[in-house]
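# Structural description and commentary
The primary structure of each chain is shown beneath.
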Amino acid sequence: MLRSSVLPPFLRGRLPRSFALAALLGGLTVVGCSDASYITQAPDPQYLDGVAQAPAFTSLRISPKESVLAPGDYSQLRLSDESGNSVDPSQVTWSSESVSVATVSSTGLVQGVSKGEILITARSGDISAQHSVVVVRGSGESDGSDGSDGGDGSDVQITITNSQSILKVGDYSQLQVRDADGNKIDPADVTWSSNSTAVASVSAKGLVQGQGGGETIITGRLGNSTAQHDVFVYGPPAEGDGSDGDGGSDGGDGSDVQITITNSQSVLKVGDYSQLQVRDADGNTIDPADVTWSSASTAIASVSAKGLVRGEGGGETIITGRLGNSTAQHDVFVHGASTGDPDLDHIEISPGSSTLAEGESVQLQAIGRNASGEQVDIQVKWSSDNTGIATVSSGGRVSGVREGTTMIRATSNGVTGRHEVLVRSSAGPAPPSGEWNEPSDFVMTVDERWNSFDDLNWYHGTGMEGSVETKNGKLVWTYPTGMSGGHTPESPVVLHYAHGPYQYQRDEGVTLSANFHGHHSAVNKFRFWSDTNPRSYIGFFGYDDNQLSIGVNTGDWPMGAKRLRWDTPGNYASPTRAQSLVTRGEPHTVESLIYLGTPGNSDGWLKVWLDGVLILDFRNIGIIWADSPKPYLTQIHFAPVWGGMGDVVPQTQTLSVDRTYVSVKP
């Protein structure tokens, strides 16, 4: 099979139907052929009309890493390539190691059948990826043990099956517990504790009661096993919880509130429910009943006035919440009887965004889907919002013209898909880095290969838990077993300098160890923008062993404390979730480009790339206070703080950087 890595850029991806491709030693030959189909059997996914096609990827990844299901439950698998770009699940061949344990559809939808553990495989030619599926017994099944036989529980692995509790002050929620085989465990056999009894208490029998507004974690312990449960309480803030008392739901019109739906998505069967949770930009909980809710398709999912989503019919739709002038959206996937709507619902464009130099080009692909997520045959019309920046051919090939940003659109039957293109100037000498997204008129100030802290007189302290060192050309932080949350291993690493208000920074070879355990707050910090009191930072967001995605939390900027993620409203970038993911054990490149703006005004902007893909692009934001004595950046500041208070590192883990490159606009 011919891999895409041997093709020139203008041929990578899906080839036109009217071409066959042959790879010859010393070069490539493209040979025309007719469109006549002579195949009598269904072709392999790597072929189109019997003609060998170069796959648009050289490796595959499946997310999530593992599915734990009861018989009859579903899990929708997602595919991405080596660059994090989404791959259409219907473009590969799916297979199950044992259909008596779990089945998988042609679009990657897994269904549990009976107790067992198997592998699901996605394959395209000789490229494959596997996904582990564990099917536990249903509530009506038994192996002869009731799961609570009076032993000490030392060998039992427990799970709290409630996803979370959302309570008002005084309300109750009874926690349910199962072992690894799905057997029920009496909550009275578990030892319970609350991180904050001022927010929520828990009885000896696992009965949770809301005590005061805020968020806390309930922990259950049986033998050597522990499980945790998130609790959100609406009402007057609990004393000492750090709230300023405004609560985020003060009964006002909400016109100045920026809301976020904190559930990542809902995957439901017909008739199942999911309760949405809402927070403001400061992280305060908001009563979902204060939000106005709507569904893009009530035939797929309905939503109550209190934010309770119900699966109505098979398909995919979006739930929108509105409070004042702020809106937030939530994806819902419903498995079950299809709504049967074959019409085009939306258009996906791959890749999600592009960065080109003047004269470079990229081939886009447009895929139409109906409301059920099924692929629909479409003929699209391509257009560019600004042909002076980038043009697009009738076949979807985009070419950079001059420096700037524009939007490429693919339209069919009134439905439009969008793709943002950033074009970098190729005028003048190449930037010192020779690649990536550094503006051509920026000048290098730092190029640190991490051979020694003394190269540029980097500050680093001693005395905290863990260590930080330069080792074999890497900057390495080690988080030791038992390290407490809220700490940086040993100390931050800081270089004092004075440049601004523009700064480009690229950190290459950023690698989280394969066993990196996310803090239970889902916040794993990396580096800060700072003058004196850094609280705005890039981080890797995700808890425990769940997926980590890159994002930014703002703290001491006039725009307020906000969580900027790939899907945050107002993001001018259009990546997929897969493109924002940081894979443990693999090196990544993190780039940021920031303009602080003028003091007191909302005219700053910030961009963040992961492995060359634009993930965040936020504009017209307030970064510098009007009375700031230093309206510029004064530090390059690494401080990989592991979450907030609580939690401990379960096993020694590391974070390392190969190279740090910084440039500024003169």
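The structure this text deals with has already been given above.
In short, a report on the structure. Small disclaimer: the values here were computed from a predicted structure and weren't measured.

## Some details on the environment of Leu308
- Relative to the helices and strands, Leu308 is located in strand β32 (residues 308-311).
- The class for Leu308 is partly exposed, based on a relative accessible area of 32%.
- Sequence-wise, Leu308 and Leu276 are 32 residues apart; in three dimensions their C-alpha atoms are separated by 6.2 Å.
- Apart from residues lying up to four places away in sequence, Leu308 is in contact with Tyr273, Ser274, Gln275, Ser302 and Val303.

## Quick notes on the packing of aromatic side chains
- Applying the stated rule across the entire model yields 15 aromatic pairs.
- Seen from their ring centres, Tyr502 and Tyr595 are 4.4 Å apart, and the 20° between their planes marks the pair as stacked. Here Tyr595 lies in strand β56 (residues 588-595) and Tyr502 lies in strand β50 (residues 502-512), a separation of 93 residues in the sequence.
- When its relative accessible area of 15% is taken as the criterion, Tyr595 is described as buried.
- Among the aromatic residues, ring-to-ring pairing joins Trp450, Phe453, Trp458, Trp477, Phe526, Phe540 and Phe638 into one connected group.
- Positioned over the ring face of Tyr661 is Arg506, at 4.6 Å from the centre of the ring.
- Of note, Arg565 hangs over the ring of Phe541, and the distance from its end group to the ring centre comes to 3.6 Å.

## Describing the pattern of salt bridges
- One pass over the structure, following the stated rule, counts 13 salt bridges.
- The salt bridge involving Arg369 is made with Glu348; its shortest N-O contact spans 3.2 Å. Taken as a pair, Arg369 in strand β38 (residues 365-369) and Glu348 in strand β35 (residues 346-350) lie far apart in primary sequence, 21 residues in all.
- For Asp507, the salt bridge is made with Arg527, and the minimal N-O distance between the two is 2.6 Å. Here the residue Asp507 occupies a position in strand β50, and Arg527 occupies one in strand β51 (residues 523-529), the gap between them amounting to 20 residues.
- Taken together, the salt bridges that share partners define one network made up of Asp447, Arg449, Arg506, Glu508 and Arg659.

Criteria and cut-off values
- Residues numbered from 1 in each chain as written.
- Predicted model: local features only at pLDDT ≥ 70, side-chain atom pairs only at ≥ 80, totals over all residues.
- Heavy atoms only, no water.
- Helix = DSSP H or I, 4+ residues; strand = E, 2+ residues; numbered from the N terminus.
- Buried < 20%, exposed > 50% of the residue type's maximum accessible area, 1.4 Å probe, protein only.
- Contact = heavy atoms within 4.5 Å.
- Phe/Tyr/Trp six-rings, centres within 6.5 Å; stacked < 30°, edge-to-face > 60°.
- Lys NZ or Arg CZ within 6 Å of the ring centre and 35° of its normal.
- Salt bridge = Lys/Arg side-chain N within 4 Å of Asp/Glu carboxyl O.

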